[in-house]
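The residues making up each chain are set out below.
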Amino acid sequence: MNLEETIISNIKDAFKKVFDHELTEDISLQPTRKEFEGTYTFVVFPFLRVTRKSPEESGAAIGDYLKENCDVVKDFNTVKGFLNLILTDNAFIDNINDIISNENFGTLPQKDERFCIEYSSPNTNKPLHLGHLRNNFLGYSTANILKANGYSVDKVQIINDRGIHICKSMVAYLKFGEGETPQSAGIKGDHLVGNYYVAFDKAYKQEIAALVADGMDEEEAKKKAPILLEAQEMLKQWEAGDKETVDLWKKMNGWVYEGFEQTYDRMGVDFDKYYYESETYLLGKDLVNEGLEKGVFYKKDDGSVWADLNEEKLDEKLLLRSDGTAVYMTQDLGTADQRYKDLNFDKSIYVVGNEQDYHFTVLFTLLKKLGKPFADGLYHLSYGMVDLPTGKMKSREGTVVDADDLMSEMVDTAREHTEELGKIDGFDDEQAKELYDTLGLGALKYFLLKVDPKKRMLFDPKESIEFQGHTGPFIQYTHARISAILRKADQLGIEYQKNISGSLEISDTEKDLIYLISEYHNKLKLAAEELSPAVIANYAYDLAKEYNRFYAELSILGEDDKDLRTFRVALSAQIARVINLSMGLLGITVPERM
RNA sequence: GGCCCCGUAGUUCAAUGGAUAGAAUAGGAGUUUCCUAAACUCUAGAUACAGGUUCGAUUCCUGUCGGGGCCA
């Protein structure tokens, strides 16, 4: 039982003994605000009906009981209905000792629950951009958080590798490509294919303009432009399995996948299983038939199939066109079913932008109506868009921030910054390069993960990514500082990995630090409940900030009292450990030196 | 038009219904014979508006205004 649980249990006893009342509801403690003395605060307002006394008297009665009966409570004060508990120094020492000796600290007991998490899920007609970075970092980090909570996790992505968009790139490549390859052009495959997608759009627009100039109505021109007709024809060829078309499709997608792999590698994300739409786009029709048989879907006179979701206030939804072709929803129904068969998950999380809120609400509702056993375990991790100062990113307007470019810029900035500060003494070239990667990507990941996923956020290319203040590098710097201390402590032969002994007088800042470390598991649980890496990101910042204050306030290696010196080194080591754990959950590495 | 999300310092972000709304950044003032100043300390500055529920509302409810998204 940890400190908080001990106190809660004693508070329950207090209610029993002092007020003769058995508390059935869960009670929780809050951290005491800085301006008051104490570590934990118990809010008594909600229990006044039980105590039948004033807030102050109620708090004092419980405080008296705890002071008398609870070993860890040294004293208390009450302000209005807030009971602030002051703990004994030993309580803190015991607490830090528990953590030092706990090899599994940072990992919660294994649970018998299996998660599937889908993220990234790109199209193969263009490279990854800033929005994908938020998506990937969120998905990857959330998977880490779930694993640390003791769940089994399968990371999957579904690649949108078919359809009219890829045919557009293919048509443009045939027209303008002249046999170019990523090797011959010297650019990544995903970028190369993306260029042809852009080339298609350009040619398409020119053709529309020409047709309109000849007197055609614009709407009609958009449908009749020859290059578009070619792309549509190519899609038919592809669906018919035409060898030449399929070969070209495989070749170009192969280039894209190579490019993507490089990007994922640099991002530091990975997947356990890949799904391809070309293999799943026909799934789902069986489910539609199943729905018809069960009477939850219906057929219109023209043969199209619909679901009536008016009861759920969601309108009517098309599931099969009159010609029998599927829509996205059909496919997603089939994919969900398939994935359940493959992975046997209890919970399945889709990391997809909030512009698709409606789509997923409908999807989950349909699966429930079909009586699928897994439907209740589906969850849409709906994250907000990343806005630029100019507004939303639009590929047509060239306002997309490319993922590869951005990562490179971040690493360059890290290098410039580090050189300016003259901090590369003693680094060889390879180490320096590694450090720039660590810092540049750390800054980027932290920036994108520190914000509540649900909220839209602003990315200002010029000002957003800083290396000072509430940033990844600030936390990384704290870790580097501690590492330096530990290196010296090793030289001095200080044994800081052992439990602390002796009676020590510890400062408020040190108590705050121990309190923060002891909160780690709570934060880990909270982050999993809310599927929010931001919880961890902000926690890591609080911890680093508090440590830097401690570092400035007190001398660690220079402390004369040997026991106190060992304690401070040991505390530092545990802070470094928790920083490492937290940042690891975010997919951010922390350097030993910087 | 219908539905959904969001409005917090100049700016970017915090705050399970709890105390005097926290940080960062930009602004002002300081700290280096001492463990890494990518740091620390001090200072000034915000809940869009109007009601309601509550002992207590940034948080919950209603309306208004503003921003974004989805469906046609």
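Remember, it's a predicted structure, so these values are computed and weren't measured experimentally.

1. As for the environment of asparagine 125
Positionally, asparagine 125 belongs in the loop between strand 5 (114-118) and helix 5 (130-148). In this structure asparagine 125 comes out as buried when scored by relative accessible area, which is 1%. Sequence separation between asparagine 125 and tyrosine 276 is 151 residues, and the spatial gap between their C-alpha atoms is 14 Å.

2. Focus: the sheet that holds strand 6 (residues 152-159)
Across the sheet, which stays open at both edges, the five strands sit in the order 7-6-5-11-12 with parallel pairing between neighbours. A strand with exactly one partner marks an edge of an open sheet, and here the two such strands are strand 7 (273-276) and strand 12 (378-383). Averaged over neighbouring strand pairs, the angle between their axes works out to 25° when direction is ignored. Bridge count for strand 5 against strand 6 is five bridges, and the pairing is parallel. The residue of strand 6 that forms the bridge with isoleucine 117 is lysine 155. The strands touched by helix 5 within the sheet are strand 5, strand 6, strand 11 (347-353) and strand 12, with strand 6 carrying the most contacts at an inclination of about 160°.

3. Here we look at the protein's contact with RNA strand B
Lining the immediate surroundings of RNA strand B are 49 residues, of which Phe82, Lys423, Arg456, Tyr477 and Arg481 lie closest. Backbone atoms, meaning sugar plus phosphate, form 61% of the atoms of RNA strand B positioned within 4 Å of the protein. Between RNA strand B and arginine 33, the relevant distance is 2.9 Å, taken from a phosphate oxygen to a side-chain nitrogen or oxygen of the residue. In the environment of RNA strand B, a sugar or linking oxygen lies 3.3 Å from a nitrogen or oxygen atom belonging to the backbone of histidine 470. Of all the secondary structure elements, the ones that give two or more residues to the surface near RNA strand B are strand 2 (40-43), strand 4 (82-87), helix 16 (403-421), strand 14 (457-458), helix 18 (472-492) and helix 21 (533-553). Ranked by the residues each element gives to the surface near RNA strand B, the list is headed by helix 18, at seven residues.

4. Focus: the nonpolar core
Core analysis: the largest hydrophobic core is formed by 158 residues, its most contacted members being Phe42, Ile62, Leu444 and Phe567. Among the elements that take part in this core, helix 22 (residues 562-585) stands out by supplying 12 residues, more than any other.

5. Remarks on the sheet that holds strand 1 (residues 30-31)
The four strands lie next to each other as 1-2-4-3, forming an open sheet whose pairing is antiparallel. In the strand order of this sheet, the two ends are held by strand 1 and strand 3 (73-79), each with one partner. Where strand 1 meets strand 2, two bridges bridge the pair, whose relative direction is antiparallel. Residue pairing across strands places glutamine 30 opposite threonine 41, the latter belonging to strand 2.

6. Considerations on the pattern of salt bridges
All chains considered together, the criterion is met by 30 salt bridges. Residue aspartate 270 pairs with lysine 155 through a salt bridge whose shortest N-O separation is 2.6 Å. Here lysine 155 lies in strand 6 and aspartate 270 lies in the loop between helix 11 (243-267) and strand 7, a separation of 115 residues in the sequence. The salt bridge partner of aspartate 201 is lysine 205, with a shortest N-O separation of 3.1 Å. Of this pair, aspartate 201 and lysine 205 both sit in helix 8 (residues 189-213), separated by four residues, roughly a single helical turn. One salt-bridge network, in which partners are shared between bridges, spans Glu290, Lys294, Asp337, Lys341 and Lys372.

7. Some details on the environment of threonine 509
Considering the arrangement of structural elements, one finds threonine 509 in helix 19 (residues 508-518). In this structure threonine 509 comes out as buried when scored by relative accessible area, which is 7%. Each C-alpha atom, one on threonine 509 and one on glutamate 279, is 58 Å from the other, the two residues being 230 residues apart in sequence. In contact with threonine 509, other than residues within four places in its own chain, are Glu546, Arg549, Phe550 and Glu553. There is a polar contact of 2.6 Å between the side chain of threonine 509 and the side chain of glutamate 553.

8. Re the environment of leucine 526
Structurally, leucine 526 is set in helix 20 (residues 520-530). Residues leucine 526 and aspartate 342 lie 184 residues apart in sequence; the distance between their C-alpha atoms is 29 Å.

9. Concerning the UniProt feature "short sequence motif: 'HIGH' region" (unreviewed entry) in chain A
UniProt feature "short sequence motif: 'HIGH' region" (unreviewed entry): in the numbering of this structure it lies at residues 122-132. Helix makes up 27% of residues 122-132 and strand makes up 0%, while its end C-alpha atoms are separated by 8 Å.

10. Details of a negative patch on the surface
Together, Asp308, Glu311, Asp315 and Glu316 give the surface a local cluster of negative charge. Counting through the fold element by element, aspartate 308 comes out in strand 9 (residues 305-308). Given the relative accessible area of 35%, aspartate 308 is considered partly exposed.

11. Points about the packing of aromatic side chains
Enumeration over the complete set of coordinates arrives at 29 aromatic pairs. Here tyrosine 173 and tryptophan 255 contribute two aromatic rings whose centre-to-centre distance is 5.6 Å and whose plane-to-plane angle is 75°, an arrangement assigned as edge-to-face. Residue tyrosine 173 is found in helix 6 (residues 164-176), and its partner tryptophan 255 is found in helix 11; the two are separated by 82 residues along the sequence. Assessed through its relative accessible area of 10%, tryptophan 255 is described here as buried. Lying across the ring of tyrosine 281, arginine 162 places its NZ or CZ 3.9 Å from the centre. When the ring centre of phenylalanine 427 is taken as reference, the NZ or CZ atom of arginine 593 above it lies at 4.5 Å.

12. A look at the side chain of glutamate 118
Counting through the fold element by element, glutamate 118 comes out in strand 5. Its relative accessible area of 6% is what places glutamate 118 among the buried residues. Within the structure, the side chain of glutamate 118 is placed 3.2 Å from the side chain of serine 121, a separation counted as a polar contact.

13. Here we look at helix 10 (residues 226-239)
Here helix 10 is 14 residues long and its end C-alpha atoms lie 20 Å apart, about the 20 Å a rise of 1.5 Å per residue gives. Close packing links the buried residues of helix 10 with helix 6, helix 8, helix 9 (218-224), helix 11 and helix 12 (277-280). Phi turns positive one or two residues past the end of helix 10, at glycine 241, with a value near 80°.

14. Describing helix 4 (residues 89-101)
In an α-helix there are 3.6 residues to a turn, and that puts residues three or four apart on one side. In a regular helix each residue adds 1.5 Å, so 13 residues correspond to 18 Å; helix 4 covers 18 Å between its end C-alpha atoms and thus fits that length. Residues of helix 4 that are buried: Asp89, Ala91, Phe92, Ile93, Asn95, Ile96, Asn97, Ile99 and Ile100. Buried-residue contacts for helix 4 involve helix 1 (3-19), strand 3, strand 4, helix 19 and helix 22.

15. Focus: the pairing of strand 2
Covered by surrounding structure in strand 2 are Tyr40 and Phe42 together with Thr41 and Val43, the residues of both alternating faces. In terms of strand pairing, strand 2 meets strand 4 through four bridges, oriented antiparallel. The residue bridging tyrosine 40 from the neighbouring strand is leucine 85, located in strand 4.

Conventions we followed
- Residues numbered from 1 in each chain as written.
- Chains lettered and ligands numbered in written order.
- Predicted model: local features only at pLDDT ≥ 70, side-chain atom pairs only at ≥ 80, totals over all residues.
- Heavy atoms only, no water.
- Helix = DSSP H or I, 4+ residues; strand = E, 2+ residues; numbered from the N terminus.
- Buried < 20%, exposed > 50% of the residue type's maximum accessible area, 1.4 Å probe, protein only.
- Pairing = 2+ DSSP bridges.
- Axes fitted to C-alpha atoms, helices over the stretch in contact; angles between N-to-C directions.
- Contact = heavy atoms within 4.5 Å.
- Near = heavy atom within 4 Å.
- Polar contact = N/O pair within 3.5 Å; in protein donor to acceptor, adjacent residues only side chain to side chain.
- Core = buried A, V, L, I, M, F, W, Y, C linked by side-chain atoms within 4.5 Å.
- Salt bridge = Lys/Arg side-chain N within 4 Å of Asp/Glu carboxyl O.
- UniProt positions renumbered as here; feature names shortened; annotations may be inferred.
- Patch = residues over 30% accessible without salt bridge, like charges linked within 9 Å, V, L, I, M, F, W, Y side chains within 5 Å.
- Areas by Shrake-Rupley, 256 points an atom, 1.4 Å probe, with all protein chains shown as cover.
- Lys, Arg positive; Asp, Glu negative; His and termini not counted.
- Charge placed at Lys NZ, Arg CZ, Asp CG, Glu CD.
- Phe/Tyr/Trp six-rings, centres within 6.5 Å; stacked < 30°, edge-to-face > 60°.
- Lys NZ or Arg CZ within 6 Å of the ring centre and 35° of its normal.
- Expected span 1.5 Å × (residues − 1).

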